[in-house]
Amino acid sequence: MSTHAVRVKRLYRQGLKCLQNWCVHRDLYITKGFELRAEFDAQKLVTNPIVVEKLVSDGEAKLITMEHPSPYTRALPPA
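Fair warning: this is a prediction, and the values are worked out from it, not measured in the lab.

1. Structural notes on the layout of surface pockets
Then, number 1: When its volume is computed, the largest pocket comes out at roughly 930 Å³.
Then, number 2: Among the elements of the structure, helix H1 (3-22), helix H2 (26-42) and helix H3 (49-65) are those that each provide at least two residues to the lining of the largest pocket.
Then, number 3: Ranked by residue count, the leading element in the lining of the largest pocket is H1, at ten residues.
Then, number 4: Looking at the lining of the largest pocket residue by residue, the classes come out as 16 nonpolar, four polar and nine charged.

What follows is the structure in structure tokens.
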């Protein structure tokens, strides 16, 4: 598997996790998840490595800007 494929998969997964912090209602989360998937699917046929690198880098930068200031965290069981 190529390096950019791994980066794209991680970016998509992190994008979905980021959406969980912003979308309180499940139906809104599902809708936004479909929109995110459509953004990825629109570029899946791009094969030029330079363009792919730019798309992935732009996606990673967008993810950083969309980070929630107070993300949800899992409660740890008492020790």
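2. Here we look at the packing of H1 against H2
Then, number 1: It is at 10 Å that the axes of H1 and H2 come closest, and there the two elements cross at 155 degrees. Taken together, the axes of H1 and H2 lie roughly antiparallel to each other. The handedness of the crossing between H1 and H2 is right-handed. Where H1 approaches H2, its residues Val 8, Leu 11, Tyr 12, Gly 15, Leu 16, Leu 19 and Gln 20 are matched on the opposing element by Tyr 29, Lys 32, Gly 33, Leu 36, Arg 37 and Phe 40.
Then, number 2: Of the residues in the contact of H1 with H2, the class split is eight nonpolar, three polar and two charged.

3. Some points on the packing of aromatic side chains
Then, number 1: In this structure the tally under the stated criterion is one aromatic pair.
Then, number 2: The interplanar angle of 75 degrees and the centroid separation of 5.2 Å between the aromatic rings of Tyr 12 and Phe 40 together place this pair among those described as edge-to-face. A residue pair is termed long-range when its members are at least 10 positions apart, and Tyr 12 in helix H1 and Phe 40 in helix H2 qualify at 28 residues.
Then, number 3: Note on Tyr 12: relative accessible area 21%, which makes it partly exposed.

4. Regarding the environment of Arg 37
Then, number 1: For Arg 37, the location among the structural elements is in helix H2.
Then, number 2: Look at Arg 37 and you get partly exposed, because its relative accessible area is 41%.
Then, number 3: Sequence-wise, Arg 37 and Ile 64 are 27 residues apart; in three dimensions their C-alpha atoms are separated by 18 Å.

5. With respect to the state of the cysteines
Then, number 1: Summed over the entire model, instances satisfying the criterion amount to zero disulfides.
Then, number 2: Residue Cys 18 stays outside any disulfide, its sulfur separated by 8.9 Å from that of Cys 23, the closest cysteine.
Then, number 3: Cys 18 sits in the buried class, given a relative accessible area of 11%.

6. What about the side chain of Asn 21?
Then, number 1: Relative to the helices and strands, Asn 21 resides in helix H1.
Then, number 2: The class of Asn 21 is buried, set by a relative accessible area of 16%.
Then, number 3: Ignoring sequence-local partners within four residues, the contact set of Asn 21 consists of His 68, Pro 71 and Tyr 72.

What counts, and where the lines are drawn
- Residues numbered from 1 in each chain as written.
- Predicted model: local features only at pLDDT ≥ 70, side-chain atom pairs only at ≥ 80, totals over all residues.
- Heavy atoms only, no water.
- 1 Å grid on protein atoms, 1.4 Å probe; cavity = no way out; pocket = protein on both sides within 12 Å on 5 of 7 lines; lining within 4 Å.
- Points joined across faces, edges and corners; volume = space filled by probe spheres on them.
- Helix = DSSP H or I, 4+ residues; strand = E, 2+ residues; numbered from the N terminus.
- Nonpolar A, V, L, I, M, F, W, Y, C, P; charged D, E, K, R; others polar.
- Axes fitted to C-alpha atoms, helices over the stretch in contact; angles between N-to-C directions.
- Parallel < 35°, antiparallel > 145°, perpendicular 65-115°, else oblique.
- Left-handed = near helix turned anticlockwise from the far one by under 90°.
- Contact = heavy atoms within 4.5 Å.
- Phe/Tyr/Trp six-rings, centres within 6.5 Å; stacked < 30°, edge-to-face > 60°.
- Buried < 20%, exposed > 50% of the residue type's maximum accessible area, 1.4 Å probe, protein only.
- Disulfide = S-S within 2.5 Å.

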